[in-house]
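Residue-level structure breakdown
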Amino acid sequence: MEDHRGRAARALAGAQAQGAEALVVASAPNRRYLSGFSGSAGVVLIADGRRWLLTDFRYLEQAEREAPAYEIVPIQRQVWQQVAALAGEVGARRIGFEAEHWTVAQWRRAVSEAPGVEWVETAGVVEALRVVKSPEELQRMATAARIADEALAQVALILRPGLRERDLSLHLEAKMRELGAEGVAFPTIVASGPRGSLPHGLASDRKLEPGELVTIDFGAVYQGYHSDETVTWALAGDHPERARLREVYEVVRAAQAAGLAAVRPGVAASAVDRAARQVIEEAGYGAEFGHSTGHGVGLEVHEAPWASSHPTRDWTLQPDMVITVEPGIYLPGLGGVRLEDTVVVTQDGYRRLTQADKAWREW
Ligand code: ZN
Ligand code: ZN
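Residues numbered from 1 in each chain as written. Chains lettered and ligands numbered in written order. Predicted model: local features only at pLDDT ≥ 70, side-chain atom pairs only at ≥ 80, totals over all residues. Heavy atoms only, no water.

Focus: the nonpolar core
Soluble globular proteins: nonpolar side chains tend toward being buried together. Formed by 33 residues in total, the largest nonpolar core has its most connected members in A11, L34, I46, L53 and Y70. Listed by contribution, the elements that provide at least two residues to this core are helix 1 (4-17), strand 1 (22-25), helix 2 (28-35), strand 2 (43-47), helix 6 (125-130) and helix 7 (135-156). Considering each element in turn, this core owes the most residues, four residues, to helix 1. When residues of this core are assigned to domains, at least three fall in each of domain 1 (4-130) and domain 2 (135-352). Setting aside residues up to four positions removed in sequence, I46 forms contacts with A8, A11, L12, A22, L23, L34 and Y70. The next biggest cluster of nonpolar side chains, apart from the first, holds 23 residues, and it includes L172, A181, A220 and V231. (Core = buried A, V, L, I, M, F, W, Y, C linked by side-chain atoms within 4.5 Å. Buried < 20%, exposed > 50% of the residue type's maximum accessible area, 1.4 Å probe, protein only. Helix = DSSP H or I, 4+ residues; strand = E, 2+ residues; numbered from the N terminus. Domains from an automatic or database assignment. Contact = heavy atoms within 4.5 Å.)

Okay, structure coming up:
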């Protein structure tokens, strides 16, 4: 069982540092992180020494079971009035909310239901806690990655020209579910041939052709935690641009290796981006690598820390942070290559969670 009391105490300290006396958390991943509750509706309220989870009739039994560190409160008609009354029990009047997750309409509703409360904008409070993973979280993420890798190995058995991208994604997703995934981390990306230049090309009806590349970006969810990995495979056969595709592949592979080699505690996440990007720029493909090198993974498939060349906030890597390294080169009309692994920062480097071989492979 995760230390939900400790997490709540740290979240409250973070909210206090932003001027609040209590904190409400309604975004699903943050609510789950703080309480263990996996339902789709509810509000966590944390104030001096107290923890409440307000949820509706559908979830009361589940909430009692999943969130034993919390007092479970049935939601009545005006939830923000209830929140104000509970916070008032410990004298808290300045209640922090997640400014990045609330809509203007939600904020208006809170203000009108609880006019005596001073609603304080907070940002990134729980997200900042989530970047460093617990042993249990790392275990779940390793399981998600293993399921995805096993499913990929099965899909390799059916890979051949004539198969539709959609068949490939269906097979991969079904295998992940069979192997114990509770869902897919995101709609599977299968981008073959010229479609490979679409960094986020969802699987289409296009049929694979001999000699071309196919990029597969996929992930599983296990007990709330995501995996994220990309392979680019070559289909056997002749292709007029085969030599060029192979060259591009090796550039991306070298870039990924350079990015991974930069991963260790004390290094800025932006330095991981720079290491990978430099290899691609030196090979003359800088303009064809138009996205960030990596991102954190956890209860969400994209979360902090961000490994970007223009970070709005840079992150210093610490042990037990999880980050992807996924450079790519995209050539409109020709195709593309992306290689992605999800790794855990260790005391002296990194450990891969995703295991598929990233060397050039022909099928
Ligand atoms: Zn991915
Ligand atoms: Zn990714």
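Structural notes on the layout of surface pockets
The volume enclosed by the largest pocket comes to roughly 340 Å³. Along the wall of the largest pocket there are 15 residues; nearest its centre are E100, E127, A304, W306 and W315. Secondary structure elements with two or more residues in the lining of the largest pocket: helix 6 and strand 14 (303-307). Taken together, domain 1 (4-130) and domain 2 (135-352) each give at least three residues to the lining of the largest pocket, which thus spans both. (1 Å grid on protein atoms, 1.4 Å probe; cavity = no way out; pocket = protein on both sides within 12 Å on 5 of 7 lines; lining within 4 Å. Points joined across faces, edges and corners; volume = space filled by probe spheres on them.)

Considering the coordination of the zinc ion (ligand 2)
Only D228 (OD), H295 (NE2), E326 (OE) and E340 (OE) from the protein coordinate the zinc ion (ligand 2), and they sit 2.1 to 2.2 Å from it. Coordination at the zinc ion (ligand 2) is irregular: its four donor atoms span angles of 80 to 153° at the metal. Each donor residue of the zinc ion (ligand 2) lies on one chain, and together they are spaced D-x66-H-x30-E-x13-E. If you look at the zinc ion (ligand 2) and the zinc ion (ligand 1), they sit 3.1 Å from each other and are both ligated by D228. Residue H295 is found in strand 13 (residues 294-296), and its partner E326 is found in the loop between strand 15 (322-325) and strand 16 (328-331); the two are separated by 31 residues along the sequence. One exposure class covers both H295 and E326, and it is buried. (Donors = N, O, S within 2.8 Å, 3.2 Å for Na, K, Ca; no water. Tetrahedral: all angles 85-135°; square planar, octahedral: opposite > 155°, others 65-115°.)

Side note on a nonpolar patch on the surface
Taken together, V104, W107 and V111 make up a surface patch of nonpolar side chains, about 250 Å² in accessible area. By the secondary structure assignment, W107 is in helix 5 (residues 104-113). (Patch = residues over 30% accessible without salt bridge, like charges linked within 9 Å, V, L, I, M, F, W, Y side chains within 5 Å. Areas by Shrake-Rupley, 256 points an atom, 1.4 Å probe, with all protein chains shown as cover. Salt bridge = Lys/Arg side-chain N within 4 Å of Asp/Glu carboxyl O.)

A look at the domain arrangement of the chain
Split by domain assignment, the chain resolves into domain 1 (4-130) and domain 2 (135-352). Measuring from the centre of the C-alpha atoms in domain 1 to the corresponding centre in domain 2 gives 35 Å. Of the roughly 620 Å² buried between domain 1 and domain 2, counting both surfaces, carbon and sulfur atoms make up 48%. When the area that domain 1 buries against domain 2 is broken down by residue, the three leading residues are P29, R32 and R130, summing to 65%. Linking domain 1 to domain 2 there are three salt bridges. The residue E300 makes a salt bridge to R130 at a minimum N-O spacing of 2.9 Å. Summed over the shared surface of domain 1 and domain 2, the number is two residue pairs in polar contact (both at pLDDT 80 or more). The greatest single-element share of the side of domain 1 that touches domain 2, amounting to three residues, is contributed by helix 2. For the side of domain 1 that touches domain 2, the residue count by class is two nonpolar, no polar and three charged. (Buried area = accessible area lost by both parts, 1.4 Å probe. Polar contact = N/O pair within 3.5 Å; in protein donor to acceptor, adjacent residues only side chain to side chain. Nonpolar A, V, L, I, M, F, W, Y, C, P; charged D, E, K, R; others polar.)

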